[in-house]
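# Tertiary structure, described
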Amino acid sequence: MKLAKQAPQLQQPAEQAGQAMQIKQATVKRANRTGAPYTPGMLILELLMIALAVAFFFPLYITFVNGLKTYQEVVVSTVSLPHVFQFKNFGTVWKQINFLGVFINSLIVTVVSVGGILLISSAAAYQLVRRPGRISQIIFLAILSSLVIPFQTMMVPLVKVAKDMGLIDTLYGLIIMYWGFGIPLALFLYHGFIKSIPRELEEAAHIDGSGTAGVYFRILLPLLKPITTTIAILQALWIWNDFLLPLITLNAKENQTIPLAASVYFGQYTNEWHLAMAALTMAIIPIILFFLSMQRYIIQGITAGAVKG
Amino acid sequence: MSKTKARHMAAYTAFVAPAVLFFILIIVIPFFRAILFSFQDWNGISSHIRWAGWSNYTKLMHDSGFGKSFVFTFKYVIATTILLNVLGLLLALVLNMALRTKNVLRTAFFLPYVIGPVIIGFIWQFIITGLFPEIGKATGLALFQKNWLSLPDHSFWSLVIVTVWHSAGYFMVIYLAALQGVPKDLLEAAEMDGAGRYLRFWHVLLPLIRPAMTINLFLAISNGFKAFDLNFALTRGGPFGTTESLAYHIYLDAFAKNLFTYASAKAVVFFLVLASITLVQVAAMKRREVEL
């Protein structure tokens, strides 16, 4: 066991975890507010963690601050603050990589891909669960087992297949590919969730004369909301950040997504670091804003997704 | 066939068909095509595709570049799996305590994970080539005066460090969720029975969060094997191809050297290795999980 070697390191926090458990057990909420059981040891630990968090954040600080400098200032020192904030770097990058255009591309691809994945997988999972049988079983297992295939195994022929079907270098082609790659995990998560929903409501609606589509849209979709949020977030993060699939399927500049467009500053011969850092700052800001506004759901989604997956 | 049964069949087909269609189009066809390709010889351009039998496979057994990328990937997977799980668990244990800033700290450690790895790779390329020499000059530390991306060992550890910086928060979140599910009375009972902190950790806490460990080891292993973006953005596989991950190596063969069929054989081997390792890992660990 590799972990056994780490025992001495793990021991100490474990001790403190033990203490914390007792404290929490006593008065979970009050303890945090009044700080009554807050020992000096905890304070030291807290300060250490804050220092670590600051160090963790440092690479992002370096990115932001150097995007606001002139090229000369970047070369002289990466740590120091700029004399005058060069907001015009952002304007230059905006024009050079057509930021608005690639941002809209990223947005369209992510939204339409995720929307399609949610709709297609929830519909399929619904029927596969509610009409069990050999066919449903085979379809479910086949799709599920594809989760162990790494993308790199399929990517070589995928480019050829996509080319034959006219899906190369178009946004809709990219979206269709994300549908294909996104469906297995989404279907698996929906399948597990739907199995745990009692079918009485659906049956009642059927007796009242609703068809399959009516039950799906009016009864099932609202019930699926929690798992839909989870899947939507997992898939949105993946698709927004994905690099390899756009790299091998998109060529034209007007089709690029953000990660692809930002990479032009890191070619072999360009080292306009001030512009590169401004470009990275612009690439990071949307996803950080998304994360901060959806934080609770993202953490929940990742926890739920990981436990099921 | 009765009318209702036909209606049911039609509804079933309408609901299931789109998923099956896209699954076949985007996954099944390319996957079997990859297997087919691996027994063929094709340059990507000519209309004639030649059969090659096992020759791609025999050739790749003597391909030193492929072997090197295998060794690199194994080392990378082992290093990142250990570090991500140890650090993720440590962070989770500490941030599961009643620290006053624990919510802010959780956010701070998780934050890098939402940024795409290719962007992360570019950021660190700048940090390593721009900031590190500056730290070296200011502190006189020889470690930072070297050009990390031009030295094989340093460039390996650069990738490991950046991976850990990027994903530790993700592993922390999953361990945190598991820790919060541990019933307090069990730990208390162990304490009453005289179990010290060390025993409580190894014999009560750790077994109870083993499902999270199964998942986290699986994620670390499979993400490690599939690593591409960082190798592309941070090191470009260099220096001298020493940090060419399997995924990046296959990408270069296919799209830089146009060796489609040869790359497919490598991709099939890659699939077999990854699938068997992760299946064995999950099966072995599932057996050791404790049901409450």
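Residues numbered from 1 in each chain as written. Chains lettered and ligands numbered in written order. Predicted model: local features only at pLDDT ≥ 70, side-chain atom pairs only at ≥ 80, totals over all residues. Heavy atoms only, no water.

Within chain A, the regular secondary structure consists of 15 helices and zero strands. When each of the 309 residues of chain A is scored for burial, the buried share is 55%. Considering only contacts within chain A whose residues lie at least 6 apart along the sequence, 70% involve residues at least 24 apart. With the model as given, the accessible surface of chain A reaches about 14,500 Å², and the carbon-plus-sulfur share is 66%. (Helix = DSSP H or I, 4+ residues; strand = E, 2+ residues; numbered from the N terminus. Buried < 20%, exposed > 50% of the residue type's maximum accessible area, 1.4 Å probe, protein only. Contact = heavy atoms within 4.5 Å. Areas by Shrake-Rupley, 256 points an atom, 1.4 Å probe, with all protein chains shown as cover.)

Secondary structure summary: chain B contains 13 helices and two strands in total. For 292 residues, the compact-globule estimate of 2.2 N^0.38 gives 19 Å, and chain B exceeds it by more than 25% at 24 Å. With 292 residues in all, chain B has 57% of them scored as buried. Here the contacts in chain B between residues at least 6 apart in sequence split such that 70% fall between residues at least 24 apart. Here chain B has roughly 12,700 Å² of accessible surface; of this, 67% comes from carbon and sulfur atoms. (Rg over C-alpha atoms; globule rule 2.2 N^0.38 Å.)

Residue and element names in this part refer to chain A. A cluster of nonpolar residues, Trp94, Leu100, Ile104, Leu107, Ile108, Val111 and Val112, forms a patch on the protein surface that exposes about 600 Å² of accessible area. Per-element accounting of the nonpolar patch gives the leading share, six residues, to helix 6 (residues 99-130). Within the secondary structure layout, Trp94 lies in helix 5 (residues 88-96). Residue class for Trp94 comes out partly exposed when judged on its relative accessible area of 42%. (Patch = residues over 30% accessible without salt bridge, like charges linked within 9 Å, V, L, I, M, F, W, Y side chains within 5 Å. Salt bridge = Lys/Arg side-chain N within 4 Å of Asp/Glu carboxyl O.)

In this structure, Phe181 and Ile302 of chain A together with Phe109, Ile115, Ile119, Trp124 and Tyr251 of chain B are the most contacted members of the largest nonpolar core, which totals 205 residues. Beyond its immediate sequence surroundings of up to four residues, Ile119 of chain B is in contact with Pro259, Ala262, Leu280, Ala283 and Ile284 of chain A. (Core = buried A, V, L, I, M, F, W, Y, C linked by side-chain atoms within 4.5 Å.)

With that out of the way, let us pick up the environment of Glu203 of chain A. Among the structural elements, Glu203 of chain A can be located in helix 10 (residues 200-207). In this structure the C-alpha to C-alpha distance between Glu203 of chain A and Trp240 of chain A, which are 37 residues apart in sequence, comes to 39 Å.

Overall, the coordinates contain seven salt bridges over all chains when judged by the stated rule. Glu202 of chain A is paired through a salt bridge with Arg130 of chain A; the nearest N and O atoms lie 2.8 Å apart. Within this pair, whereas Glu202 of chain A is found in helix 10, its partner Arg130 of chain A is found in helix 6, the two being separated by 72 residues in sequence. The pair formed by Glu202 of chain A and Arg130 of chain A is uniform in burial state, with each residue classed as buried. Connected via shared salt-bridge partners are Asp63, Asp253, Lys257 and Lys266 of chain B.

To continue, consider the interface of chain B and chain A. Interface extent is often summarised as the accessible area lost during association of the parts. Each partner contributes to the interface: chain B provides 95 residues, whereas chain A provides 105 residues. Counting the surface lost from both chain B and chain A, the interface buries some 9,400 Å², and carbon and sulfur atoms represent 80% of this. Among the residues of chain B in contact with chain A, Tyr12, Phe15 and Phe126 of chain B are the three that bury the most area, contributing 9% of the side total. For the pair chain B and chain A, the interface holds zero salt bridges. Counting the contacts that link chain B with chain A gives twelve residue pairs in polar contact (both at pLDDT 80 or more). Broken down by element, the side of chain B that touches chain A gets its largest block of residues, 19 residues, from helix 1 (residues 3-37) of chain B. (Buried area = accessible area lost by both parts, 1.4 Å probe. Polar contact = N/O pair within 3.5 Å; in protein donor to acceptor, adjacent residues only side chain to side chain.)

Residue and element names in this part refer to chain B. Between helix 8 (residues 184-192) and helix 9 (residues 197-208), the shortest axis-to-axis distance is 10 Å and the interhelical angle comes to 160 degrees. In terms of axis orientation, helix 8 runs roughly antiparallel to helix 9. Here helix 8 runs over helix 9; the crossing is right-handed. On helix 9, the residues that touch Leu186, Leu187, Ala190 and Glu191 of helix 8 are Arg200, Val204, Leu205 and Leu208. Here the contact of helix 8 with helix 9 is composed, by residue class, of six nonpolar, no polar and two charged. (Axes fitted to C-alpha atoms, helices over the stretch in contact; angles between N-to-C directions. Parallel < 35°, antiparallel > 145°, perpendicular 65-115°, else oblique. Left-handed = near helix turned anticlockwise from the far one by under 90°. Nonpolar A, V, L, I, M, F, W, Y, C, P; charged D, E, K, R; others polar.)

Right, let's talk about the confidence of the model for chain A for a bit. Of all residues in chain A, 86% attain a pLDDT of 70 or more, and the chain-wide mean is 85. Per-residue pLDDT stays below 50 along residues 1-36 of chain A; that stretch engages in 44 contacts with residues further than four places along the chain or on separate chains. (pLDDT = per-residue confidence, 0-100.)

The next point concerns helix 9 (residues 171-195) of chain A. Residue and element names in this part refer to chain A. Over its 25 residues, helix 9 runs 35 Å from end to end, which matches the ideal 36 Å to within 8%, given 1.5 Å per residue. If you look at helix 9, its biggest bend is around 40 degrees, right at Ile183, and the proline Pro184 turns up within four residues after that. Extensive coverage of helix 9 is indicated by the burial of 20 of its 25 residues. You can read the cap of helix 9 off the contacts: a side-chain oxygen lies 2.9 Å from the backbone nitrogen of Gly173, and it is on Thr170. (Expected span 1.5 Å × (residues − 1). Bend = angle between axes of the 7 residues up to and from the residue.)

This next bit is on the packing of aromatic side chains. Residue and element names in this part refer to chain B. All told, the structure shown has 49 aromatic pairs over all chains when counted by the stated rule. Between Phe144 and Trp148, the aromatic rings sit 6.2 Å apart at their centres with planes inclined by 10 degrees, giving stacked as the arrangement. As far as the burial class goes, Phe144 and Trp148 line up, both buried. Here the basic side chain of Lys75 rests over the ring of Phe156, its NZ or CZ set 5.0 Å away from the ring centre. (Phe/Tyr/Trp six-rings, centres within 6.5 Å; stacked < 30°, edge-to-face > 60°. Lys NZ or Arg CZ within 6 Å of the ring centre and 35° of its normal.)

Before going further, it helps to spend a moment on the side chain of Thr257 of chain A. Residue and element names in this part refer to chain A. Looking at the secondary structure, you find Thr257 in the loop between helix 13 (244-249) and helix 14 (258-262). On the basis of relative accessible area, Thr257 is assigned to the buried category, the value being 5%. For Thr257, the residues in contact, after removing those within four places along its chain, are Val102, Ser106, Leu174 and Pro246.

Let us now look at the side chain of Asn241 of chain A. Residue position: Asn241 of chain A is located in helix 12 (residues 225-241). Once residues lying within four places of it in the same chain are set aside, the contact partners of Asn241 of chain A are Pro259 of chain A together with Val114, Ile115, Gly116 and Asp229 of chain B.

On to helix 9 of chain B. In this model, helix 9 of chain B (twelve residues) spans 15 Å end to end at C-alpha, consistent with the 16 Å of a helix rising 1.5 Å per residue. Listed as buried for helix 9 of chain B are Arg200, Phe201, Val204, Leu205, Leu206, Pro207 and Leu208 of chain B.

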